[in-house]
Amino acid sequence: MNSTNRAANRLLIFVCGLLLLVVGAAAAAAVLVPLVRDAWKDTSGQVTDQVASWLEQTQLAGIGVSWILIAVVALLVIAIIVLIVFISRQGRGHTGIALTDPTSEHGSTVIESSVAEHALKDALDAHSEFVGSHVSTYKVRRTPVLKVSVTCRRGVSPKDAAAIVESKLHALDELLGRELPALIQISGGFRARVTKTTRLQLPLRKKKNMPKPLVWLVVIAVGTTAYVVGAKAGHGRYKEISETAKAFWNDPAVKKARARAQKKTQKAAKKAVKKISK
Amino acid sequence: MSSDNKALYARISRRETHSPRSLLAIVLAVVLIIVFAWVGTEVVIALLGLPALLVAPSDMFVSALGVAEQPAAIVAAAGIVAAVIGLVLIILSLSPGRRARHVIDTERAATVVDNEVIASALARHASYAGNVDPDNTTVSVSHRRAVVDLTPTSGIPANRDDVAEAVTAQLDAYGLRPTVRARVQIAEKAKVGA
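Residues numbered from 1 in each chain as written. Chains lettered and ligands numbered in written order. Predicted model: local features only at pLDDT ≥ 70, side-chain atom pairs only at ≥ 80, totals over all residues.

Peer 1: How do you make sense of the overall build of chain A when you look at a structure like this?
Peer 2: Of the regular secondary structure elements, chain A holds 7 helices and 5 strands. Listing the helices and strands of chain A from first to last along the sequence gives α-α-α-β-β-α-β-β-α-β-α-α. Here chain A holds 278 residues, and the buried ones make up 21% of them. A sequence separation of at least 24 residues applies to 57% of the contacts in chain A between residues at least 6 apart. (Helix = DSSP H or I, 4+ residues; strand = E, 2+ residues; numbered from the N terminus. Buried ≥ 20, exposed ≤ 12 C-beta atoms within 10 Å, placed from the backbone. Contact = placed C-beta atoms within 7 Å.)

Peer 1: Explain the nonpolar core to me, please; I cannot follow it from the model alone.
Peer 2: Across soluble globular proteins, nonpolar side chains show a tendency to be buried alongside one another. A:Val148, A:Leu183, B:Leu122, B:Ala126, B:Val148, B:Val163 and B:Val167 are the most contacted members of the largest nonpolar core, which has 56 residues in total. Counting residues per element, this core draws most heavily on helix α5 (residues 115-130) of chain B, at 8 residues. Those residues in contact with B:Val167, other than ones at most four positions away along the chain, are B:Leu122, B:His125, B:Ala126, B:Val148, B:Ala182 and B:Val184. (Core = buried A, V, L, I, M, F, W, Y, C linked by C-beta atoms within 7 Å.)

Peer 1: I keep staring at the packing of α5(B) against helix α6 (residues 160-174) of chain B and nothing clicks. Help me out?
Peer 2: Two quantities define a packed helix pair, namely the angle between the axes and the distance from one axis to the other. Residues and elements named next belong to chain B. It is the contact of α5 with α6, at a shortest axis distance of 8 Å, that shows an interaxial angle of 145 degrees. Of the two possible hands of crossing, α5 and α6 adopt the one that is right-handed. Here α5 contributes Ile 118, Ala 121, Leu 122, His 125, Ala 126, Ala 129 and Gly 130 to the contact with α6, which in turn contributes Asp 162, Val 163, Ala 166, Val 167, Gln 170 and Tyr 174. Among the residues making up the contact of α5 with α6, the classes are represented as 9 nonpolar, 3 polar and 1 charged. (Axes fitted to C-alpha atoms, helices over the stretch in contact; angles between N-to-C directions. Left-handed = near helix turned anticlockwise from the far one by under 90°. Nonpolar A, V, L, I, M, F, W, Y, C, P; charged D, E, K, R; others polar.)

Peer 1: Hey, could you run me through unusual backbone geometry in this one?
Peer 2: Cis geometry is found at the peptide bond from B:Arg177 to B:Pro178, where omega equals -5 degrees. The residue B:Pro178 is located in the loop between β5 (176-177) and β6 (181-186) in this model. In this structure, A:Arg141 is a non-glycine residue whose phi angle is positive, near 50 degrees.

As structure tokens, this is what we get:
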């Protein structure tokens, strides 16, 4: 339902796969096949010389640094930005507006999607066939489309479930005076086979919303940086940091401030106790 | 249903019954971002003339070209593993990635239903038709086939034809796309209790 660009997803996976396949196969062939190995050794020397001469020729006058390397860094930064945009584009397409009436002489009408969502959810929750329901609105090809997800109890016929939801949709059509396109998604919470006789029907655990990909990205980036910095700095640096922290903690000025804060909290606590005991 | 909605519903149904491959794409993108950021940092550090974080760019370049001189067993193993991962990724990027869902013909909306729900409903009808405890009924629904397994209660025979008829009638009533054919298996050894 969302507007995720699936072709882009598949393209990225395909390109990564092709790259891995080619590089892996080339590396394996370079050590396993004698013919390839000799050719590899011949060309690798040439390539090294060629790249070295390029780097020589492209030195910038002032700094003595090849612009090729700067261009490489710039390309990497652009690639990273493109990938971040790619990740943040996943799973979008929610909309808050279900209907917009064109402006007439009396004004225009906008119906928010929450109206339809709440109306449907209320109607569906009254049915014992469903354990739960969730209604959301997405924009598909610039048309707002309702997505009605219902979780059925064990053994409920999908046809009956669809019929119930459809009847609610028809009621909504009458309410809105317009037919909103809709998707009904019927899922089940209960296994068709249960090892022991079921006496108690446990409610289905609700699927937790996955954190957005960007959050993961930040977490991973921070973690990696911390790890690299930590690994680089080593134990000596850790000792330095802990010494600084200890020195700060035992600093006379900090000690005083701490004592003052302690007194204040004790006073406040006494006051509070008095007030309560009154 | 207008013809306009038909195209819309076809698109939605197709997207809902196939995997977007988002998770894999996001994981790959994150890996690429980390690698690019690291290489970029190394290049900048090398340009500034500072010691490298992990590997200097020149060393990366030289060791990548001199891969033929490295120990053959390690390089071959790593290369083959990389190639296999690459092949798997290519297969994943080209395969349809069907989800375990079916489309139901409905009038007002596009409807997709999890195979699990179909199996659950079939199990209820099969156990009723076969006079078997619901917990002794197993149904598994795949893309084009539903397999119904019944273990009768000792002393009460289950009629295979009755069960097959009931299950087929149910499947016909659902109007699944693609159509699902049922196969009923009744265990030879009955048992008492669930």
